Amino acid sequence: MTGEVVRPRELLSTAELHSGVRRLAAELSAAYDDGLLLVAVLKGSVPFLADLVRHLTIQPEVDFLAISRYAPGTGRVRIVKDLDVDIAGRDVVLVEDIVDTGLTLTYIVGELARREPRSLAVCALLDKAVRRIVPTPIAFTGFRIDDEFVLGYGLDFGERYRNLNRVVAGDLADLRARPDAYVAGLFAG
Ligand code: IMP
């Protein structure tokens, strides 16, 4: 197996991603005024946020939050980099790469809601709705996807594949055995 070139299936092409992001930017621009605060969750949301802001016709402010999980799937999350700004009285949109069980988002939304923003909504690029454990309202959704492990456009496995310009479906067993399994197939030439 070592050295075998494996090409995972493409789920969303660059063009599809960009048209989804443009649609979300139009929806946000219609729903909010200048001064909207976009809170992006590091690190997976960075490519999405970067494309999203470039299509907004309103003037947003951007801030970042970083979290770490105590143990996957438990929903126990800790903020390791907090926001720089006070969100009290602000219109806030939380920008997420993917919502899976919803546990992470529920924690973050709860934490931000305690700070009394004027409004708080979620904009998620990908929604794995079938995996949801806790109900998680998502006001702005890019794409609904099936229960698959996805990589690219910010999403990683062990910090790899974030820089892929499209989204592919990976096999977790392959990746656990060989985290670099798709590197040659996705990036070479
Ligand atoms: P949740 O708490 O189960 O909703 O998990 C959300 C987080 O898990 C996301 O912000 C990602 O960091 C990670 N995640 C969930 N599904 C995937 C995936 O398919 N690929 C990569 N990361 C994922």
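The following refers to the structure shown. Just so we're clear, the structure is a prediction, and the values are computed from it rather than from any experiment. (Residues numbered from 1 in each chain as written. Predicted model: local features only at pLDDT ≥ 70, side-chain atom pairs only at ≥ 80, totals over all residues. Heavy atoms only, no water.)

**Details of the overall build of the protein**
Then, in step 1: Within the protein, the secondary structure is distributed over five helices and nine strands.
Then, in step 2: In sequence order, the protein lays out its α and β elements as β-α-β-α-β-β-β-α-β-β-β-β-α-α.
Then, in step 3: Scaling as 2.2 N^0.38, a compact globule of 189 residues should have a C-alpha radius of gyration of about 16 Å, and the protein matches this with 17 Å.
Then, in step 4: Per-residue burial over the protein gives 45% buried out of 189 residues.
Then, in step 5: Put simply, 62% of the contacts in the protein that link residues at least 6 apart link residues at least 24 apart.
Then, in step 6: For the protein, the accessible surface area stands at approximately 9500 Å², while carbon and sulfur atoms represent 51% of it.
Then, in step 7: Averaging the positions of the 23 positive and the 27 negative side-chain charges in the protein gives two centres separated by 3 Å. (Helix = DSSP H or I, 4+ residues; strand = E, 2+ residues; numbered from the N terminus. Rg over C-alpha atoms; globule rule 2.2 N^0.38 Å. Buried < 20%, exposed > 50% of the residue type's maximum accessible area, 1.4 Å probe, protein only. Contact = heavy atoms within 4.5 Å. Areas by Shrake-Rupley, 256 points an atom, 1.4 Å probe, with all protein chains shown as cover. Lys, Arg positive; Asp, Glu negative; His and termini not counted. Charge placed at Lys NZ, Arg CZ, Asp CG, Glu CD.)

**Section: the packing of aromatic side chains**
Then, in step 1: A full pass over the atoms with the stated rule returns three aromatic pairs.
Then, in step 2: Centroid distance tyrosine 161 to tyrosine 182: 6.1 Å. Interplanar angle 55 degrees. Geometry classified as tilted. Separated by 21 residues along the polypeptide, tyrosine 161 in the loop between strand 8 (149–151) and strand 9 (167–170) and tyrosine 182 in the loop between helix 4 (172–177) and helix 5 (183–187) bring together distant segments of the chain. (Phe/Tyr/Trp six-rings, centres within 6.5 Å; stacked < 30°, edge-to-face > 60°.)

**What about the nonpolar core?**
Then, in step 1: Of all hydrophobic cores here, the largest spans 29 residues; its most connected members are Phe48, Leu52, Val93 and Leu126.
Then, in step 2: Elements with a minimum of two residues in this core: helix 1 (14–31), strand 2 (37–42), helix 2 (46–53), strand 5 (91–99), strand 6 (119–127) and strand 7 (140–144).
Then, in step 3: Top element by residues in this core is helix 1. It accounts for five residues.
Then, in step 4: Every residue in contact with valine 93, bar those within four places of it in the chain, is listed here: Leu28, Tyr32, Leu36, Leu37, Leu38, Val39, Ala121 and Cys123. (Core = buried A, V, L, I, M, F, W, Y, C linked by side-chain atoms within 4.5 Å.)

**A few points about the pairing of strand 2**
Then, in step 1: Judged by how many residues are buried, strand 2 sits mostly within the fold: five of six residues are covered.
Then, in step 2: The sheet contact formed by strand 2 and strand 3 (residues 61–69) spans six bridges and is parallel. Along strand 3, the bridge assignment pairs valine 39 with aspartate 63.
Then, in step 3: Relative to strand 5, strand 2 runs parallel, the two sharing four bridges. Residue pairing for strand 5: leucine 37 is matched across the bridge by valine 92. (Pairing = 2+ DSSP bridges.)

**Structural notes on the environment of glutamate 159**
Then, in step 1: Its location among the elements puts glutamate 159 in the loop between strand 8 and strand 9.
Then, in step 2: Separated by 3.0 Å, the side chains of glutamate 159 and arginine 162 make a polar contact. (Polar contact = N/O pair within 3.5 Å; in protein donor to acceptor, adjacent residues only side chain to side chain.)

**So, the pattern of salt bridges**
Opposite charge on two side chains lets them pair, provided their charged atoms get close.
Then, in step 1: Summed over all chains, the structure comprises 18 salt bridges.
Then, in step 2: Notably, a salt bridge pairs arginine 166 with glutamate 10, separated by 3.3 Å at the nearest N-O pair. Of this pair, arginine 166 sits in the loop between strand 8 and strand 9 while glutamate 10 is found in strand 1 (residues 9–12), placing the two residues 156 residues apart along the sequence.
Then, in step 3: We note a salt bridge from arginine 114 to glutamate 111, for which the minimum N-O separation is 2.9 Å.
Then, in step 4: Residue glutamate 111 is classed as buried on the basis of its relative accessible area, which comes to 14%.
Then, in step 5: In this structure, a network of salt bridges that share partners links the residues Lys43, Asp156, Glu159 and Arg162. (Salt bridge = Lys/Arg side-chain N within 4 Å of Asp/Glu carboxyl O.)

**A look at unusual backbone geometry**
Then, in step 1: Note the cis peptide between leucine 42 and lysine 43, where omega equals 0 degrees.
Then, in step 2: Relative to the elements of secondary structure, lysine 43 occurs in the loop between strand 2 and helix 2.
Then, in step 3: In this model, glutamate 116 sits at a positive phi of 55 degrees, which is unusual for a non-glycine residue.
Then, in step 4: Note that glutamate 116 resides in the loop between helix 3 (103–113) and strand 6.

**Re the sheet that holds strand 7**
Then, in step 1: Judged by pairing direction, the sheet is mixed, and its six strands sit side by side in the order 4-3-2-5-6-7 without closing on themselves. The open sheet is flanked by strand 4 (77–81) and strand 7, the only strands paired with a single partner. Taking the axes of each pair of neighbouring strands and ignoring which way they run, one obtains an average angle of 30 degrees across the sheet.
Then, in step 2: Against the sheet, helix 3 makes contact with strand 2, strand 3, strand 4, strand 5 and strand 6, and its axis sits at roughly 170 degrees relative to strand 5, the strand it touches most. (Axes fitted to C-alpha atoms, helices over the stretch in contact; angles between N-to-C directions.)

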